Amino acid sequence: MIDKYQFFKLTEVPEPPQSHYVGIVYCFDDADGDANILAVKDRDRFRDVTNFKLPGGSEEKIYEQYMDYENSLFKVLDKLEFPRKTQAIIYKNERKRKTLLESYTNNKAAIFMLRTMVMQSLEKIGFYPLDMEPIVVHYIEKDSHTQYFLEVKNMIGKDGEAVSFPFPDEKYKPLDTDVVESRIPLPLIEFDKLIHSHRKAAEKFNLLRPKTK
């Protein structure tokens, strides 16, 4: 039986009944050493409001086949003007991830989750997550939809360098046009500012993460 008061491996969480959403938990320390998570503000597709949430989004069926996913990925990298040197790093990482996940024969949803994580990270915040097997911080099961929240520890920007403190960048324009503000550092202790399901994930992450101070 799964204990919801813990983090999970990808292979431990249930597969979605039909569709899924992946939220990204990226935690970093600010100049004062306080923990922050990366957040975005985007337009609600159903109501005339702006949501404050973790970066992420829903699946796309095209990601099911590796070559279709890879083609979509590199189209996005070109749109974001990632130079060939950085794209080579990403290509190598994706091939390593593909080899690793070939052992996930009984959990294809995990592979799909990671591809959603990569694409949504690029489209929402313009960073590429390097993590091979991120932990699942939290998940929420609904009738035909499951929300997974994955902790990403390692990201690179278009220069190929590790992202340490992702300041908002006025020059960066998210590919996802629903995002009205991106790369927002949110103090982790202020997780209650997020929308409900994202707040629950951030609260759990705050309670269970290893403390450095």
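Scoring rules and cut-offs
Residues numbered from 1 in each chain as written. Predicted model: local features only at pLDDT ≥ 70, side-chain atom pairs only at ≥ 80, totals over all residues. Heavy atoms only, no water. pLDDT = per-residue confidence, 0-100. Helix = DSSP H or I, 4+ residues; strand = E, 2+ residues; numbered from the N terminus. Phe/Tyr/Trp six-rings, centres within 6.5 Å; stacked < 30°, edge-to-face > 60°. Lys NZ or Arg CZ within 6 Å of the ring centre and 35° of its normal. Expected span 1.5 Å × (residues − 1). Buried < 20%, exposed > 50% of the residue type's maximum accessible area, 1.4 Å probe, protein only. Contact = heavy atoms within 4.5 Å. Core = buried A, V, L, I, M, F, W, Y, C linked by side-chain atoms within 4.5 Å. Axes fitted to C-alpha atoms, helices over the stretch in contact; angles between N-to-C directions. Parallel < 35°, antiparallel > 145°, perpendicular 65-115°, else oblique. Left-handed = near helix turned anticlockwise from the far one by under 90°. Nonpolar A, V, L, I, M, F, W, Y, C, P; charged D, E, K, R; others polar. Pairing = 2+ DSSP bridges.

*Asks:* I'd like a rundown of the confidence of the model for the chain, residues and numbers included.
*Replies:* Confidence along the chain averages 90 in pLDDT terms, with 96% of residues attaining 70 or more. Here helix 3 (residues 108-125) stands out as the least confident element of the chain, with mean pLDDT 91; strand 6 (residues 128-129) is the most confident, with 97.

*Asks:* So what's going on with the packing of aromatic side chains? Which residues, and what values?
*Replies:* Taken as a whole, this structure holds eight aromatic pairs when the rule is applied. Site record: aromatic cluster; members linked through ring pairs are Y26, F28 and F165. Taking NZ or CZ as reference, K41 lies 5.6 Å from the ring centre of F52, over its face. Of note, R183 hangs over the ring of Y172, and the distance from its end group to the ring centre comes to 4.0 Å.

*Asks:* Tell me about helix 4 (residues 196-208), and please be specific about residues and values.
*Replies:* If you check helix 4, its first and last C-alpha atoms are 19 Å apart, about what 13 residues at 1.5 Å a residue would give, namely 18 Å. Here helix 4 has its buried residues at S197, H198, A201, A202, K204, F205 and N206. Taken together, the buried residues of helix 4 touch strand 1 (19-25), strand 2 (27-29), strand 3 (35-43), strand 4 (50-53), strand 7 (136-141) and strand 8 (145-151).

*Asks:* Describe the nonpolar core, with residues and values.
*Replies:* If you look at soluble globular proteins, the nonpolar side chains tend to sit buried side by side. Residues L10, L73, M113, M117, L122, L150 and M155 are the most contacted members of the largest nonpolar core, which totals 43 residues. Only strand 1, strand 3, helix 1 (66-79), helix 2 (84-101), helix 3, strand 7, strand 8 and strand 9 (155-156) provide two or more residues apiece to this core. In contact with L150, other than residues within four places in its own chain, are L10, V22, G23, I24, V25, M113, L114, M117, P134, I135, V136 and V137.

*Asks:* Quick rundown of the packing of helix 2 against helix 3? Include the residues and the values.
*Replies:* Helix 3 packs onto helix 2 with a crossing angle of 165° between their chain directions and a minimal axis gap of 11 Å. Judged by the inter-axis angle, helix 2 sits roughly antiparallel to helix 3. Between helix 2 and helix 3 lies a crossing whose hand is right-handed. Only I111, L114, M117 and V118 of helix 3 make contact with helix 2, whose side of the interface consists of E94, R97 and L101. Its residues assigned to classes, the contact of helix 2 with helix 3 shows five nonpolar, no polar and two charged.

*Asks:* If you had to explain the pairing of strand 8 to someone new, which residues and values would you point to?
*Replies:* With seven of seven residues buried, strand 8 lies mostly within the body of the structure. Burial of the side chains of strand 8 extends over both faces: H145, Q147, F149 and E151 are buried on one face and T146, Y148 and L150 on the other. Sheet analysis places strand 1 next to strand 8, joined by seven bridges and oriented parallel. Its bridge partner lying in strand 8, V25 is registered against E151. Sheet analysis places strand 7 next to strand 8, joined by five bridges and oriented antiparallel. If you follow I140 over to strand 8, its bridge partner there is Q147.

*Asks:* An account of the pairing of strand 4 is requested, with residue identities and associated values reported.
*Replies:* A regular strand carries its side chains on alternate faces of the sheet. One ladder, built from four bridges, connects strand 3 with strand 4; its direction is antiparallel. Paired with R43 across the bridge in strand 4 is T50. Here strand 3 folds back onto strand 4, and the loop between the two strands holds six residues.

*Asks:* Provide a residue-level description of the sheet that holds strand 7, including the pertinent values.
*Replies:* Taken together, four strands build an open sheet; the order of strands is 5-1-8-7 and the sheet is mixed. Strand pairing shows two members of the sheet lacking a second neighbour, strand 5 (56-58) and strand 7, which therefore form its edges. Direction aside, neighbouring strands of the sheet carry axes that sit 10° apart on average. Contacting strand 1, strand 7 and strand 8, helix 4 runs over the sheet at an angle of about 145° to strand 7.

*Asks:* Provide a residue-level description of the packing of helix 1 against helix 3, including the pertinent values.
*Replies:* One way to put it is that helix 1 packs onto helix 3 with a least axis distance of 10 Å and a crossing angle of 15°. Classified by the angle between their axes, helix 1 and helix 3 sit roughly parallel to one another. The interaxial crossing formed by helix 1 with helix 3 has left-handed handedness. Between helix 1, through Y66, Y69, S72, L73, V76 and L77, and helix 3, the contact on the second element is made entirely by R115, V118, M119, L122 and E123.

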